[in-house]
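# Topology and contacts: notes
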Amino acid sequence: MSQFFTRWRPGRMARNGFVLLGWMLLRAAMQAATVVWLARQLGAQPYGQFVVVVAVSSFLTPFVGLGLSHMLLRNAARDPTHAGNYLARALHWWFRTLLPCVAASVVVAMWLLPGRVALLALAVVAASELAATSLTELCARYQQAQQRTHAVGAVHAGLPGVRLLALGLLWVGLGDVGILAVLWTYAVSGLVYATLIWMPLRTAAKAPDVVLPEPMTAYSGLPFSLATFAAKLQNEFNKPMLAQAGFGLAGAYNVAQRVVDMASLPVLALQEALWPRLYAQANPARQLRRTGLALLLLALAVGGALWLVAPLLPVVFGADFADAVAVLRMLAWLPLLQVLRALLNFHAIHAGRMQQIGWAYAIGGVVSVVSIAVLVPVYGLTGAVWASYVAEAAMAIFLFFGAIYAHLSPV
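Residues numbered from 1 in each chain as written. Predicted model: local features only at pLDDT ≥ 70, side-chain atom pairs only at ≥ 80, totals over all residues. Heavy atoms only, no water.

## Quick notes on helix α6 (residues 119–145)
Taking 1.5 Å as the rise per residue, α6 with 27 residues should run 39 Å; its terminal C-alpha atoms sit 39 Å apart, in good agreement. The buried fraction of α6 amounts to 21 of the 27 residues, a majority that puts the element mostly inside the structure. Phi turns positive one or two residues past the end of α6, at Q147, with a value near 55°. (Helix = DSSP H or I, 4+ residues; strand = E, 2+ residues; numbered from the N terminus. Expected span 1.5 Å × (residues − 1). Buried < 20%, exposed > 50% of the residue type's maximum accessible area, 1.4 Å probe, protein only.)

Here it is as structure tokens:
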């Protein structure tokens, strides 16, 4: 093992990873400031209501654009000459799917939310969350395909930055505000940011109907949509279920979950720097094994750190969030399982087993919803945590046996 670390020289990938990590840390700092500020200003119950409204409104984000942002990353990395054409095709389907997804999101939100929220506010929140999040992802993937690491980080950091600024101005101008004012400010700031990044993307886009060397149909990104949708269900579906027992439980779970997300940033940054380099290689198996082991060890270290710092949550977020301590300690080892699943996911993508990815994440989504529906009403916060592990394990197991089957099957 010691020889592995003395010989490994990650070079440019590590440099890009550290650059991206710097931007991610800036983004995380703004997200953390937003979470801490909202939690302390609103309290557990109103903060939980805010979290649930945003979570439910965002369920269908993966289907805005039909997952073509992921195909844009792969295709533009392999064929940079036609990057503008791939971008145009992705933007075409993004625009065509946005309004139907907004309408469906409003219906889902009205069905799942335990309390009443003004319909107009709900529609604007849904439109903002779907448009801003999906367009940010599309723009970042376009920049990532061209290995413009600073641009990727800046695009991702811009959205929480604009939202934090808008919320800060809200409190400076009005002082003590209610949940409805917070929702409107959050939504309008997201729409402003979506408009800002839409304009340069339209300028960079070229003719979408050109015959392209890499396949990019309306359906080719759907496995990625299912993958992201499954992740959404795992991360967010527990919140409306917890809210049935009290918005405070949803708020406590969200605080612990956000801490895990922020602590996982070094692992995520290295992954995002790794993928375009691996996509560009004909046989990336050696580098995948080498960097994959390092990522797993880093995720293990992150889990240990999370377990140790968990008792500090009530100090940072307020005494209302004491329940988040136990939740964070239980969630601490989830990043390790997520890294393993991400490595298996790349293996399937590179081998062209796209349908297997779709099936894996469909299974993960179903397992997540069923586990949450069964465990959360009985075990509360503990049930929500175990549902996350069960869904991740189900996807990893399916992808692992898919890789074994593909290796053993005759060509």
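## Here's the deal with the packing of helix α3 (residues 44–57) against α6
Direction vectors running N to C along α3 and α6 enclose 60°, while the axes themselves pass 8 Å from each other. One finds that α3 runs oblique with respect to α6. Taken as a pair, α3 and α6 cross one another with a handedness that is right-handed. Contacts from V53, V54 and S57 in α3 reach L122, V125, A126, E129 and L130 in α6. Of the residues that constitute the contact of α3 with α6, the class distribution is six nonpolar, one polar and one charged. (Axes fitted to C-alpha atoms, helices over the stretch in contact; angles between N-to-C directions. Parallel < 35°, antiparallel > 145°, perpendicular 65-115°, else oblique. Left-handed = near helix turned anticlockwise from the far one by under 90°. Contact = heavy atoms within 4.5 Å. Nonpolar A, V, L, I, M, F, W, Y, C, P; charged D, E, K, R; others polar.)

## Quick notes on the pattern of salt bridges
According to the stated counting rule, one finds six salt bridges in the structure shown. For E236, the salt bridge goes to K239, with nearest N and O atoms at 3.1 Å. The exposure class of K239 is buried, given its relative accessible area of 0%. Two residues, D261 and R258, come together in a salt bridge whose shortest N-O distance is 2.9 Å. Here the residue D261 and the residue R258 both occupy positions in helix α11 (residues 247–263), the gap between them amounting to three residues, near one helical turn. Here D261 falls in the partly exposed class, since its relative accessible area comes to 38%. What makes R258 partly exposed here is its relative accessible area of 22%. Each of E236, K239, R258 and D261 takes part in salt bridges that share partners, so that together they form one network. (Salt bridge = Lys/Arg side-chain N within 4 Å of Asp/Glu carboxyl O.)

## Brief notes about the packing of α11 against helix α15 (residues 324–331)
Contact pair α11 / α15: the axes reach a minimum separation of 8 Å and the direction vectors enclose 40°. Considering the angle they form, α11 stands oblique to α15. Of the two possible hands of crossing, α11 and α15 adopt the one that is right-handed. Mapping the contact onto sequence places A252, Y253, V255, A256, Q257, V259 and V260 in α11 and A324, V327, L328 and L331 in α15.

## Quick look at the side chain of R341
By the secondary structure assignment, R341 is in helix α16 (residues 334–350). Within polar-contact distance, the side chain of R341 engages the side chain of E392 at 2.9 Å. If we ignore the near neighbours within four places in the chain, the residues touching R341 are Y361, E392, M395, A396 and L399. (Polar contact = N/O pair within 3.5 Å; in protein donor to acceptor, adjacent residues only side chain to side chain.)

## Description of the environment of A104
Turning to its location among the elements, A104 is positioned in helix α5 (residues 83–112). Note on A104: relative accessible area 30%, which makes it partly exposed. As for A104 and S57, which are separated by 47 residues in sequence, their C-alpha atoms are 9.3 Å apart.

## Brief notes about the environment of M24
In this structure, M24 sits in helix α2 (residues 12–42). Judged by relative accessible area, M24 falls into the buried class, the value being 9%. M24 sits 133 residues away from A157 along the chain, and the two C-alpha atoms are 7.0 Å apart. Beyond its immediate stretch of four places on either side in the chain, M24 contacts L265, L268, A269 and E272.

## Describing a nonpolar patch on the surface
A grouping of L293, L297, L300, W307, L308, V309, L312, V315, V316 and W333 is seen on the molecular surface, where their side chains present a nonpolar patch of about 900 Å² in accessible area. Elements represented by at least two residues in the nonpolar patch include exactly α13 (285–309) and α14 (313–317). In terms of residue count, α13 provides more of the nonpolar patch than any other element does, six residues in total. In this structure, L312 sits in the loop between α13 and α14. (Patch = residues over 30% accessible without salt bridge, like charges linked within 9 Å, V, L, I, M, F, W, Y side chains within 5 Å. Areas by Shrake-Rupley, 256 points an atom, 1.4 Å probe, with all protein chains shown as cover.)

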